[in-house]
Amino acid sequence: MAKKILVTGGTGYIGSHTVVELQQAGYEVIIVDNLSNSNADVIEGITAITGQRPAFENQDCTDRKALKAVFDKHPGIDGMIHFAASKAVGESVQKPLVYYRNNIVSLLNLLELMPEHNVKGIVFSSSCTVYGEPDRNPIDENAPIKPATSPYGNTKQINEEIIQDFVHSGAPIKSIILRYFNPIGAHPSAKIGELPLGVPQNLVPYITQTGIGIRERLSVFGDDYDTPDGSCIRDFINVVDLAKAHVIAIERMLQDKSDEKVEIFNLGTGKGLSVLELIRVFEKVTGHPLNYKIVGRREGDIEQIWADPQKANNVLGWTARETIEDTMASAWKWQLHLREKNIM
Ligand code: NAD
Ligand code: WQD
């Protein structure tokens, strides 16, 4: 019988790509999402790709009663992947309590319910934001965690600690914490992708929206950093590559392949690319120049960070495969799809 995986935030950007990979690997998926940052049409996209409709529960993970009802309705959940969270860094500075409540209460509820329902493992979406400004690059999992610079970043640090403390208290569960670098791109089918609400804060949606004319011009935040071309450097990781790592992580936990009860992995390519270099890649794959202007630095930005992904390469047997060209082409194809369907 297929193993059952509960995916919170499964209609979101990374969640939806992971649901596809889970279904294609033979898992049965139950999505819990309150649609606060996604919409139910994503289910149609997933179903169109895989030919299987995932179960969908429109529930809020901060509502313990509602979550318990989901576990009761779907008995025999084997593992869980917890994506559901609020993720806008700037908004978290304006509304810290909203972020602390949503991101922390959701995890507490899930952890409390896991043993009661015999769920063996949880994969948690963490972020390279926990490293702050690295002392050196590439950065590995043993690097120090730096004081958080936003309530959002702090929720990731606190959630990592909550998981560690709970598992090490003897709770009958395991966990894999995945620290994503900068996920970008979309499914090659262009049936699912990133759906930013309002003005995008992240670079790639801003680039593609500028490319298609929704935004007039991209502002590049700073060209006076201590990097070869002066713009910031990031490790841009293809979202489908990223999604695949979750399937491996779930398998690893459910098959009890590790003696460690909590494992942490960086998910990145291991290569740093600057903002200006990424713009060049976009121009190359679309064949059009992008309208952009260098402006001042954005407060709180990290100068440069890229992953040392060797632990994930060696232990999980996972490596980022997609080229940056194919990844940017997939982001563009998705933007064209949104235009064609009059979504954006
Ligand atoms: P997303 O906003 O697209 O997806 C999150 C989903 O969770 C949305 O569908 C939203 O409706 C849902 N959700 C939020 N709060 C909920 C709640 N209380 N109950 C039920 N559903 C809820 O974000 P994403 O980019 O797919 O990110 C997924 C996870 O990965 C998040 O935890 C995020 O912090 C983390 N992460 C994202 C990035 C990134 O750059 N996208 C980088 C590092 C880590
Ligand atoms: C990338 C680079 C900007 C927009 C954020 C979160 C982090 C993690 C990933 C969740 C930076 C520059 C951007 C624009 C620009 N998320 N930029 N013009 O800042 O690396 O990380 O998402 O955990 O926590 O902070 O990603 O896409 O916002 O920016 O020049 O309009 O692009 O300055 O150098 P970032 P980003």
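Computed from a predicted model, the values in this text were never measured in an experiment.

About the criteria used
- Residues numbered from 1 in each chain as written.
- Chains lettered and ligands numbered in written order.
- Predicted model: local features only at pLDDT ≥ 70, side-chain atom pairs only at ≥ 80, totals over all residues.
- Heavy atoms only, no water.
- Near = heavy atom within 4 Å.
- Polar contact = N/O pair within 3.5 Å; in protein donor to acceptor, adjacent residues only side chain to side chain.
- Areas by Shrake-Rupley, 256 points an atom, 1.4 Å probe, with all protein chains shown as cover.
- Helix = DSSP H or I, 4+ residues; strand = E, 2+ residues; numbered from the N terminus.
- Domains from an automatic or database assignment.
- Buried area = accessible area lost by both parts, 1.4 Å probe.
- Salt bridge = Lys/Arg side-chain N within 4 Å of Asp/Glu carboxyl O.
- Nonpolar A, V, L, I, M, F, W, Y, C, P; charged D, E, K, R; others polar.

## Side note on the site of ligand 1
Ligand 1 sits among 28 residues. The nearest are Asp33, Asn37, Ser38, Asn102 and Tyr152. Take Ser38: an N or O atom from its side chain is 2.7 Å from an oxygen atom of ligand 1. If ligand 1 stood free it would expose 820 Å²; the protein chains cover 95% of that surface. Every element with two or more residues in the shell around ligand 1 is listed here: α1 (13-24), α5 (96-116), β5 (121-127) and α6 (151-168). It is β5 that contributes the most residues to the shell around ligand 1, 3 residues altogether.

## Examining the domain arrangement of the protein
In terms of domain boundaries, the protein breaks down into domain 1 (4-185 + 235-267) and domain 2 (203-234 + 270-340). For domain 1 versus domain 2, the distance between C-alpha centres works out to 24 Å. Contact with domain 2 buries area across many residues of domain 1, yet Asp235, Phe236 and Asp241 alone supply 24% of it, more than any other trio. The tally of links from domain 1 across to domain 2 stands at 0 salt bridges. On the surface where domain 1 and domain 2 come into contact, there are 15 residue pairs in polar contact (both at pLDDT 80 or more). Listed by contribution, the elements that provide at least two residues to the side of domain 1 that touches domain 2 are β7 (182-184), β10 (236-238), α8 (239-254) and β11 (262-267). By residue number, the principal contributor to the side of domain 1 that touches domain 2 is α8, which donates 6 residues. Looking at the side of domain 1 that touches domain 2, its residues break down into 15 nonpolar, 6 polar and 8 charged.

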